[in-house]
Each structure stands twice: as C-alpha cells, then as structure tokens.
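Descriptive analysis of the structure
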Amino acid sequence: MTKKTFKIQPFTNKKIMKKSLTLLVLLLISTAIFSQKIIEKPDYGFSNLPGKLTKIELTDSATIIHFYIKYPTGAGIFIPKESYIQDVNGGEKYFVTKTEGIPLGESYTMTESGEVSYQLHFPKLNASVDKVDFGEANEGGNWTVYDIVINKQETVSILPKELQGNWLQTDGSNQWDYGFYAHQAVFDKAVWNYKNVEKKKNNYTIVLENKGKLKTIYAQIDKKGNLSLGEDKQNLKMYSTNKVDNPNYKPANDEVFTDAIFKTDSATYSGVIKGFSPRVGKKTGMIHVQNVFASNQDSYLVEIAADGSFSVKFPINHPQSIYVDLLGNRLSVFVEPGKETFQLIDRDASLFMGDCARINSDLLSFGDPYRQYEAYRELMGLILETSPEGYKKACLNIKDNQLQIVEAMSKKQFISQKALQIKKLDIEFTCYEQILSYEMNRESAEGSKLFGTSTSVQKSVDFKLDKSYFDFITPSVLNNELGVLSNNYYFFINRLRFANIFRNANSVRYSYNSFYENIELLQKSGITLTAEELQMIAQGKEIDKTFKKSIDFYNANQSGIQKFIKKHKEVYTKLQKDKPNINVTIQDLATYLKNQGIVLTPEEKELLSAFKSAQATKKEIAIQKAYFEKYGESLKQFNEKYKANFQEIEAEKGFEASAEIDFQELNNKLNDVFGTKESYVFDVITLQKQSGDLERNFIPFSVNQLKWIQGKINNPFLSNYIVYENDKLKNKLEANKTKTGFTVNQLKKSAGDELFDSMIAKFKGKVIYVDFWATWCGPCKQGIKEIAPLKEDMKDKDVVFLYITGETSPLKTWENSIPDIKGEHYRVTADEWNYLIQKFNISGIPHYVLVNKNGEVVNPKLGFHSNEEIKRILEKEM
C-alpha cells in the first residue's frame with residue numbers, strides 16, 4: 001500500500017485574500033461606527049440658548065453634547081447638576097455626569113471674548129432613541145433645547161428639499177418674502193400649511209392654506225439653486241437663501257422720519273417661533289413698551305399658538321422700539337402706530353415682514369444693540385479717578401467714534417435712511433444719558449468702596465457739577481422732537497429730570513389752606529349755612545389770621561432759616577436729640593447759642609425778630625383757647641357734615657398752588673442752566689410730572705386742572721396727550737365698577753402674631769403668596785404687573801395671592817387700583833401695619849412672604865424671583 005504524504009501549502013490566492021481583508025476592515029469600521037457616532041452641526045428644534053449646539057458624540061459609554069455660547073463679558077453662567085437629556089416621548093431623564101471646558105455646579109464668568117465652548121457628558125442613550133430634549137434642572141430650568149436629532153429619519157414633507165429655506169430678494173434689498181419649511185410656510189405675515197405641491201421639470205406650483213384661505217405660489221429653480229417666485233406666473237422675482245450686499249441699491253421713498261410722527265394709535269407685533277413645540281410648556285411671553293410722555297413702561301401679554309405663531313396689538317404715540325421677551329429670546333423690535341411688524345424668531349436668523357421690515361432688518365445689521373454700552377462700562381470702571389469734565393469728554397469721544405463706524409458701514413452696504421437716523425439717535429442719546437448719569441454712577445461707586453463691596457483701588461478725585469457741565473445739551477438737543485425715535489431718549493429725560501442740579505430746585509413750601517376761605521367757596525357752590533354756623537364762622541375769621549402769619553413767615557424766610565440751621569448744625573442736632581418729642585424752633589436754637597455766649601449776626605437777629613413777630617401773642621392765644629372751648633364740638637360736626645365738599649375744594653386749590661410752585665421753580669432752574677424757559681424737553685418733563693400724578697393717585701383731573709396743565713405745555717400733541725391719559729383713566733374707573741375677581745376683606749381686631757393668623761385663617765388648605773405693597777410704590781406696582789400672567793396660569797390651583805397695604809395708600813386710590821389686581825386684599829390700620837412690619841422685619845416694600853397649606857410661614861423673606869421660579873416654589877408647597 002502506497003502511503004500518501006500531504007504537505008500544507010501557503011495560501012497564495014491573492015484575489016480571495018484581498019476580499020477577506022476587505023470584509024475584515026468593513027467589520028472593524030462597522031464596529032467602530034456602532035461604538036462611536038459623531039454628529040456635526042446637529043439638527044434641533046426650538047432653543048433659547050444664547051448660542052448653539054455644534055456637535056454630538058455617541059460612544060459606547062456616554063452621550064456628549066458640544067455647546068457654543070455667546071454671552072456678555074463679565075456675566076456669569078451656571079451649569080446645574082440637574083441638567084439632563086430626555087427622550088422626546090418621555091421616560092427616564094439622563095442627568096449630566098461631568099463637564100469639559102466649564103465647571104459643573106459652579107458659576108463661570110465670561111471672558112473678554114464673550115464666547116465659550118464646552119461639553120456636557122450624559123449616560124449612554126438607548127439605541128431606539130431618535131430625538132431628545134435638553135433642560136437645565138428637573139423642572140426645565142433656564143436653557144432648553146427641543147427635538148435634538150440623534151438618529152436622523154427621513155423627514156416626510158410634500159415640499160422638495162431644494163425649495164426649503166428663507167428666500168430673500170436678490171436685488172440688494174434682501175427683502176424676506178417667503179419662508180418654506182418641511183411642514184409649514186411663512187408668507188404674507190402669516191403661517192400656512194401645504195395643501196398641494198406639483199412639479200413639472202424645474203417649475204413648481206405650491207398651494208398654501210390658512211384658515212380656509214388658499215394661496216398659490218409659482219416657483220422656478222435655476223442651476224445655482226436660486227428661485228424665481230411669485231403669485232403671478234408671468235411676473236416672478238429672483239430669490240436666494242443667501243444675503244446679497246449691494247451698496248448701490250436704492251429703494252423708492254427712502255427718506256428719514258420728519259416731525260410729523262406723533263399719532264396715538266395701535267401697533268401690531270406678530271410673528272412665528274420656528275421649531276416651537278407644545279412641550280416647551282410655556283404659551284405666553286411679554287412685550288414691554290416705554291412711554292416717555294407718561295414716564296412709565298406698559299407690559300402686554302403675548303399668547304403663542306400651537307404652531308408657534310403670535311400676535312399682539314397695543315397703543316403707542318410715535319414710532320419706537322419695544323422690548324420683546326418670548327421664551328428666553330430678548331429682542332428689540334421697531335414698530336409704528338397703525339402698522340404691523342411680523343418677525344420670524346429662529347436660532348439661525350431673525351427675519352422681518354410687514355411695514356417695518358426694512359427698518360428692523362437694517363437695525364439688526366448693526367449687530368447687538370447692547371454692544372454700544374461696552375465702552376461706557378469700561379469708562380464707569382474708572383469713574384472714581386475721572387473728573388466730571390474728563391468723563392464728559394470721554395463719553396463724547398465714544399459717541400463720535402461710534403457715529404464714524406456707522407457712517408462707514410452705510411458706505412459698504414445699503415442701509416435705509418430711517419434705520420440710519422434711528423441708530424444715530426440711539427448713539428447720541430446713549431451718550432447724553434451716560435454723561436447725565438455721572439453723579440449717580442459716582443455715588444454708587446463711592447458707596448461700594450465705602451461698604452467694602454468694591455475691589456477698586458482707584459484714588460477718588462473731588463467733584464462738583466455746575467451748570468457748565470450741561471453745555472453739551474444745546475438748543476437743538478432740547479428741541480429735537482425726533483429724539484423719541486430712540487428708546488434712550490426715555491432715559492435721557494429721566495436722568496435730566498432727576499439730576500441733582502434740578503432736583504434741588506424743588507424747595508419745601510408750606511401751604512395754608514384757610515378753613516374760612518374754603519367756607520366762602522362752599523357757599524359759592526350753592527350750599528346754604530344755618531344761622532348758628534354763620535355766627536361760628538364769623539368769630540373764627542380773626543383767629544384764622546393768626547395762623548396765617550406763621551406760615552407766611554416760613555415761606556418768606558425759608559432760605560434764611562436753612563442757612564441759620566446749617567451754620568449751627570451740630571447744636572441743632574443736639575437739641576433735637578435732647579427734645580425728641582418737641583419741634584425745635586429757631587428761637588430755641590438762638591436761646592441755646594446765647595447761653596453759650598455765641599453772638600448772632602445782624603442777619604440772624606433780623607430773622608429771629610421776624611420769627612417772634614409771626615408768633616401769636618398771649619392775648620391771641622387766649623382768644624383762640626376760648627373760641628375752641630366754645631365751638632370745638634360744633635366745628636367737628638361741621639367738618640364731618642361737609643367733608644366731601646371740603647375734599648373737592650382742597651384738591652382743586654392744593655393742586656393749582658403746589659403745581660404752579662413746582663412748575664415755576666423747575667422752569668427757573670432750567671432757564672438758569674440752559675438760558676431758555678421754553679423747549680420741547682421742558683414740555684415732556686411737565687407732561688411726565690402730571691401723567692405720573694394721574695398714575696400715582698388714580699384720580700382724574702378736573703376740567704380746571706386740565707386747563708391749567710394744558711396752558712403750561714406749548715407742544716400741541718403733548719398738550720392734548722394729557723387729556724388722552726385723563727380720559728383713559730376715567731374709562732378705566734368706569735369699567736372697574738363692573739369688574740370681579742378681587743375681594744376686600746375686613747380684619748378682626750387682634751395684635752402681634754395673632755394679627756397675621758387671623759388674616760390668613762380663611763385661606764387654610766391653600767398656599768399663600770403674600771405681597772406687602774403700597775399704591776405709591778413704583779416697584780410694587782411693576783411687580784404686580786409682572787406676576788399677572790402667573791396668576792392667570794394658576795387661577796385653578798390651590799394658591800392665594802394676598803395683597804396687604806397700609807394707610808399710606810390713600811383709600812380712594814386703593815379702591816380704584818384693586819379691581820385690576822386679581823387676588824385677596826387687606827388695607828390695615830397704621831398700628832396693624834406696624835405689627836406686621838415687626839413680625840416680618842420688613843425694611844422696605846415690596847416685601848414677599850410664603851405661607852404653606854397649614855398656615856405656617858415657610859419663608860418670611862421670599863425675595864424677588866421670576867414667574868417661573870415663583871411657580872416652582874408654589875407648586876413645591878402644593
């Protein structure tokens with residue numbers, strides 16, 4: 001038998017070997033892809049990040065999200081340890097495990113660049129997850145990103161991909177007319193659904209539907225991907241998704257605003273938030289409208305529909321910018337009376353349609369409007385070592401530099417004349433406001449240094465502002481009616497009005513409203529007095545003259561009295577401490593000085609002599625005593641009988657007397673500084689003062705009071721505007737008579753801790769948000785305005801909003817105010833207010849207290865919080 005020998009030969013088939021190696025490589029690549037997936041520029045929906053997501057890494061052990069954030073230099077950002085990602089379909093939250101490039105759970109201060117990139121690490125996601133949401137903290141936190149695509153699925157849309165995008169005209173105007181997205185379109189200031197899309201070669205017919213209304217858009221696409229679009233197939237315009245800069249573009253009617261801008265009418269701000277999702281959990285935002293004539297800010301609720309669209313209508317008096325706060329997007333938008341502005345709010349672009357589209361688009365081209373403040377912030381950091389003149393000069397230099405930059409930009413790209421005008425006014429009035437803020441900023445810096453809250457090592461320079469400091473405010477500035485186009489004009493007027501040099505003009509005046517003069521006016525109004533009342537009045541007229549002497553002395557010698565007291569301030573202060581319950585007169589001061597051997601000057605002796613002459617003699621005092629012993633009770637009954645009549649008389653007399661004094665003193669001071677008694681600025685300040693009284697007192701002016709005010713304002717529009725504000729208040733008061741939703745509670749007599757317990761007893765079983773406030777307190781009223789949307793949101797919850805005020809809130813003003821403040825109300829006595837002040841150690845208002853469902857105070861000093869934070873606090877207690 002033959003034995004066979006087998007020899008193993010080496011593998012030499014190269015073709016088979018190559019194929020095997022290829023399979024091995026593919027297998028390794030497949031394994032690597034499975035264990036690590038990188039998504040560059042990920043897709044996602046609505047986000048309120050001040051930046052973007054740049055990359056996502058999916059490894060076999062973690063999900064890593066890369067963030068790019070742009071935030072103001074010096075501002076702090078914070079990454080909560082409860083930051084999470086979650087499947088859009090719900091389920092488990094994956095909390096952050098670590099960070100790179102930024103600390104976790106600690107504040108991070110933005111560097112000079114204002115930019116930061118960092119990564120957040122989360123646990124590995126389940127392979128079935130296609131989209132996730134990101135949030136900061138269990139309840140959603142501040143920064144959120146929705147619909148982050150992890151596993152990209154082919155989007156089902158009847159609109160071809162090549163037609164999707166924001167389409168801008170290519171003629172150099174960059175006008176945005178069409179926004180075509182996967183599931184909706186924006187056209188003609190509205191959000192539309194796709195009804196039908198047909199394609200024939202490079203031609204498309206797009207049928208849009210909105211609330212039963214149909215629109216047909218025709219489109220042609222060229223080789224470069226640009227579109228010709230329009231409603232008329234024979235008259236299409238060229239569009240591109242890329243902006244085209246053309247400095248030679250010249251639109252029709254490109255003109256600046258003129259003085260004919262004043263018109264009280266409604267403006268409309270509408271738009272759509274791209275990528276909005278109902279999962280955001282918020283359906284409202286706010287707009288804030290400054291009113292320079294009334295010196296206040298009105299806020300209006302913006303309701304967001306399920307498709308992300310919104311629209312709000314509000315009154316304004318001239319073209320201006322409004323502040324928008326929508327789901328964390330804080331924007332400045334220009335609007336005009338009687339016109340509509342439509343905005344697309346998107347993380348990648350902010351585009352406009354409507355009447356003010358051109359202006360808003362051009363204003364956006366200047367960049368972040370707040371960047372113009374950066375140079376001023378640096379200057380404020382050196383304020384303690386900068387003299388007033390040096391500070392003013394530096395501010396004017398900043399203004400000139402910024403104006404040059406804007407002018408250079410207008411040479412390189414087209415910017416409309418109106419946008420250019422508004423931007424220049426913004427720069428100018430920002431500068432003027434900053435110069436006028438020198439005293440305020442200086443005093444703030446000195447206070448910080450004094451109390452050790454400042455790290456500054458600057459050596460302070462002495463300063464005093466005289467009228468030469470204000471020489472930058474020329475007649476053209478004083479009479480520039482177009483200044484209202486800039487929101488900074490509001491702050492310019494505010495800083496000017498309350499500058500120390502003008503505030504000091506308002507010296508204290510002592511008024512004496514003669515009781516017997518009022519009786520004469522009472523009789524002239526048609527009231528017939530009894531014989532006994534007439535006899536009592538006749539005898540009282542002589543006594544009245546004695547009282548008037550003293551008031552006349554103080555008004556005639558006020559400056560001399562202040563000078564005398566100031567000269568001997570230490571002695572005067574000592575006397576006040578020694579006699580805390582007695583009013584120290586200049587006679588007391590003079591007597592003390594004489595006993596100390598101090599000789600008075602001739603001027604002081606003359607002042608003292610006039611003081612003595614103004615005092616009642618012993619005989620006059622005896623007559624007064626006898627009169628009040630005889631008629632004291634009768635006078636009391638007489639006053640009570642005609643109380644309402646006397647209140648009307650006093651209001652009329654008091655208004656005209658005090659208003660005339662205030663007006664003359666301020667105008668004299670303004671004339672001393674600016675050399676004129678008439679200007680547009682003076683009219684605005686006068687109007688602000690009177691409009692402020694309307695808002696503060698909540699009582700309309702009478703016909704005579706309106707006539708007086710109008711006589712002091714030269715500008716016709718401003719003169720009529722006070723009538724508009726007065727009529728608005730009257731209509732509001734009339735409407736309040738039918739309003740419900742507020743309750744006036746009567747308080748049981750009690751003291752100490754029992755007082756507050758008795759106030760909240762009826763609300764046991766509910767969480768109570770307590771607001772200590774007053775009708776005259778501006779921050780209180782602003783806080784009440786801001787929390788109104790939250791109250792509406794929680795109206796069906798077990799929570800009570802309780803408002804407590806004291807007698808410093810005038811009864812009539814309080815009664816007129818509370819119909820617009822939904823909730824429970826108490827107006828307590830002065831003593832009861834003091835008990836509450838002591839119980840909660842209240843040092844100022846507004847002051848907030850939190851009470852749980854058991855009636856226990858869980859936070860006696862709740863402090864200031866956003867509506868979102870308050871809601872979380874209340875829900876936690878519920």
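Calculation notes
- Residues numbered from 1 in each chain as written.
- Predicted model: local features only at pLDDT ≥ 70, side-chain atom pairs only at ≥ 80, totals over all residues.
- Heavy atoms only, no water.
- Helix = DSSP H or I, 4+ residues; strand = E, 2+ residues; numbered from the N terminus.
- Buried < 20%, exposed > 50% of the residue type's maximum accessible area, 1.4 Å probe, protein only.
- Contact = heavy atoms within 4.5 Å.
- Areas by Shrake-Rupley, 256 points an atom, 1.4 Å probe, with all protein chains shown as cover.
- Disulfide = S-S within 2.5 Å.
- Pairing = 2+ DSSP bridges.
- Axes fitted to C-alpha atoms, helices over the stretch in contact; angles between N-to-C directions.
- Expected span 1.5 Å × (residues − 1).
- Parallel < 35°, antiparallel > 145°, perpendicular 65-115°, else oblique.
- Nonpolar A, V, L, I, M, F, W, Y, C, P; charged D, E, K, R; others polar.
- Patch = residues over 30% accessible without salt bridge, like charges linked within 9 Å, V, L, I, M, F, W, Y side chains within 5 Å.
- Salt bridge = Lys/Arg side-chain N within 4 Å of Asp/Glu carboxyl O.
- Lys, Arg positive; Asp, Glu negative; His and termini not counted.
- Charge placed at Lys NZ, Arg CZ, Asp CG, Glu CD.
- Arc of directions from axis to C-beta.
- Phe/Tyr/Trp six-rings, centres within 6.5 Å; stacked < 30°, edge-to-face > 60°.
- Lys NZ or Arg CZ within 6 Å of the ring centre and 35° of its normal.
- Core = buried A, V, L, I, M, F, W, Y, C linked by side-chain atoms within 4.5 Å.
- Polar contact = N/O pair within 3.5 Å; in protein donor to acceptor, adjacent residues only side chain to side chain.

As a further point, take the overall build of the chain. Across its full length, the chain carries 25 helices and 33 strands. When the 878 residues of the chain are sorted by exposure, 44% land in the buried category. Restricting to contacts in the chain with at least 6 residues of sequence separation, those with at least 24 account for 65%. In the structure as shown, the chain presents an accessible area of about 48,000 Å², 51% of it carried by carbon and sulfur atoms.

Bringing the state of the cysteines into the picture now. Evaluation of the coordinates by the stated rule reveals one disulfide. No disulfide involves Cys431; its sulfur sits 5.5 Å from that of Cys395, the nearest cysteine. On the basis of relative accessibility, which here comes to 0%, the residue Cys431 falls in the buried class.

Let us look at the sheet that holds strand β7 (residues 98-100). Spatial strand order, β1-β2-β3-β9-β7: five strands in an open sheet with antiparallel pairing. The open sheet terminates on both sides in strands that have one partner only, identified here as β1 (36-40) and β7. The mean angle between the axes of side-by-side strands here comes to 20°, regardless of whether they run parallel or antiparallel. When strand β3 (residues 62-70) meets strand β9 (residues 115-123), the two strands line up antiparallel, connected through nine bridges. Bridge pairing in β9 links Ala62 to Pro123.

The end-to-end C-alpha separation of helix α18 (residues 680-697) is 26 Å, in line with the 26 Å expected for 18 residues at 1.5 Å each. With 14 of its 18 residues buried, α18 lies for the most part within the structure. Phe698 sits one or two residues past α18 and shows a positive phi near 60°.

Attention shifts here to the packing of helix α8 (residues 488-497) against α18. Think of two packed helices as two axes; the pair is described by the angle between the axes and how far apart they sit. Their axes nearest at 11 Å, the elements α8 and α18 cross at an angle of 80°. In this view, α8 runs roughly perpendicular relative to α18, as classed from their interaxial angle. Contacts between α8 and α18 involve Tyr489, Phe492, Ile493, Leu496 and Arg497 from the first element and Tyr680, Val681, Val684, Ile685, Gln688 and Lys689 from the second. Here the residues of the contact of α8 with α18 are counted per class, giving eight nonpolar, one polar and two charged.

Together, Glu112, Asp368, Glu374 and Glu378 make up a negatively charged patch on the protein surface. Tracing the chain through its elements places Glu378 in helix α3 (residues 374-380). The exposure class assigned to Glu378 is exposed, which follows from its relative accessible area of 60%.

To continue, consider helix α15 (residues 602-614). Compared with the 18 Å implied by 1.5 Å per residue over 13 residues, the 19 Å span of α15 between its first and last C-alpha is a close match. Within α15, burial applies to Glu604, Leu607, Leu608, Phe611 and Ala614. All buried residues of α15 project into a common sector of 120° when viewed along the axis, lining one side. Facing away from the buried side of α15, by more than 90 degrees, are the exposed residues Pro602, Glu606 and Ser613. Where α15 is buried, its residues touch α11 (531-556), α12 (558-567) and α14 (586-595).

Examined against the element boundaries, Ser719 turns out to sit in helix α20 (residues 716-736). Overall, Ser719 belongs to the buried group, its relative accessible area being 10%. With residues up to four places along the chain from it excluded, the contact list for Ser719 reads Gln710 and Ile713.

Strand order in the open sheet formed by four strands is β22-β21-β24-β25, with antiparallel pairing between adjacent strands. Where the open sheet ends on each side, the last strands, each with one partner, are β22 (296-303) and β25 (329-335). Neighbouring strand axes in the sheet, compared pairwise and without regard to direction, differ in orientation by 25° on average. Summarising the sheet, strand β21 (residues 284-291) and β22 pair through eight bridges and their orientation is antiparallel.

Moving on, we come to the pattern of salt bridges. Scanning all chains against the criterion turns up 25 salt bridges. Where Glu231 meets Lys215, a salt bridge forms, and the shortest distance between an N and an O atom there is 3.2 Å. With Glu231 in the loop between β18 (227-230) and β19 (237-240) and Lys215 in strand β17 (residues 213-221), the pair connects residues that are 16 residues apart, well separated along the chain. With a closest N to O distance of 3.3 Å, Lys399 and Asp400 form a salt bridge. Salt bridges here are not isolated pairs; linked through shared partners, they connect Asp133, Asp147 and Arg279.

Let us now look at the packing of helix α4 (residues 388-412) against helix α5 (residues 417-436). Axis separation between α4 and α5 bottoms out at 9 Å; the angle between their running directions is 170°. The angle between the axes of α4 and α5 places the two elements in the roughly antiparallel class. Facing Tyr391, Lys392, Cys395, Leu396, Lys399, Gln402, Leu403, Val406, Glu407 and Ser410 of α4, the residues of α5 in contact are Leu420, Lys423, Lys424, Ile427, Glu428, Cys431, Tyr432, Gln434 and Ile435. Classifying every residue of the contact of α4 with α5 gives 10 nonpolar, three polar and six charged.

On inspection of all chains with the given rule, the structure shows 43 aromatic pairs. Aromatic side chains Tyr432 and Phe472 sit 5.7 Å apart centroid to centroid with 35° between the ring planes, which places their arrangement in the tilted category. Of this pair, Tyr432 sits in helix α5 while Phe472 is found in the loop between α6 (438-450) and α7 (475-478), placing the two residues 40 residues apart along the sequence. A relative accessible area of 8% places Phe472 in the buried class. Each residue in the set Phe262, Phe293, Tyr680, Phe717, Tyr721 and Tyr724 is aromatic and connected to the rest through ring pairs, giving one cluster. The ring centre of Phe840 lies 5.4 Å from the NZ or CZ of Lys839, which sits over that ring.

Attention shifts here to the pairing of strand β10 (residues 131-136). Walk down a regular strand and you will see the side chains alternate between the two sheet faces. Among the six residues that make up β10, five are buried, leaving the element largely enclosed by the rest of the structure. The pairing of strand β5 (residues 83-87) with β10 spans five bridges and is antiparallel. Pairing of Ile85 across the sheet is with Phe134, part of β10. Here β10 pairs with strand β11 (residues 144-149) via four bridges, running antiparallel. Bridge pairing in β11 places Gly135 opposite Thr144.

With that out of the way, let us pick up unusual backbone geometry. Between Ile845 and Pro846 the backbone carries a cis peptide bond, its omega angle lying at 5°. You can see Pro846 is positioned in the loop between α24 (830-840) and β32 (847-851). Of note in the backbone geometry, Asn174 takes a positive phi value of approximately 55° without being a glycine. On the secondary structure map, Asn174 appears in the loop between β12 (165-169) and β13 (176-180). For Asn174, a relative accessible area of 13% gives the class buried. Although it is not a glycine, Lys189 adopts a positive phi angle of roughly 60°.

The next subject is the nonpolar core. The biggest cluster of nonpolar side chains holds 74 residues, and the ones touching the most others in it are Phe293, Tyr489, Phe492 and Phe674. With 10 residues, α5 is the single largest residue contributor to this core. Every residue in contact with Tyr489, bar those within four places of it in the chain, is listed here: Val292, Phe429, Asn480, Gly483, Val484, Tyr680, Val681 and Val684. Grouped together as the second largest cluster of nonpolar side chains are 29 residues, Leu53, Val116, Leu125 and Val129 included.

Within the element layout of this structure, Gln164 appears in the loop between β11 and β12. Separated by 15 residues in sequence, Gln164 and Gly179 place their C-alpha atoms 7.5 Å apart. Excluding residues that lie within four positions of it along the chain, Gln164 makes contacts with Ser157, Leu159, Phe180, Tyr181 and Ala182. In terms of polar contacts, Gln164 uses its side chain to reach the backbone carbonyl oxygen of Leu159, at 3.1 Å.

That is the geometry; function is a separate question.
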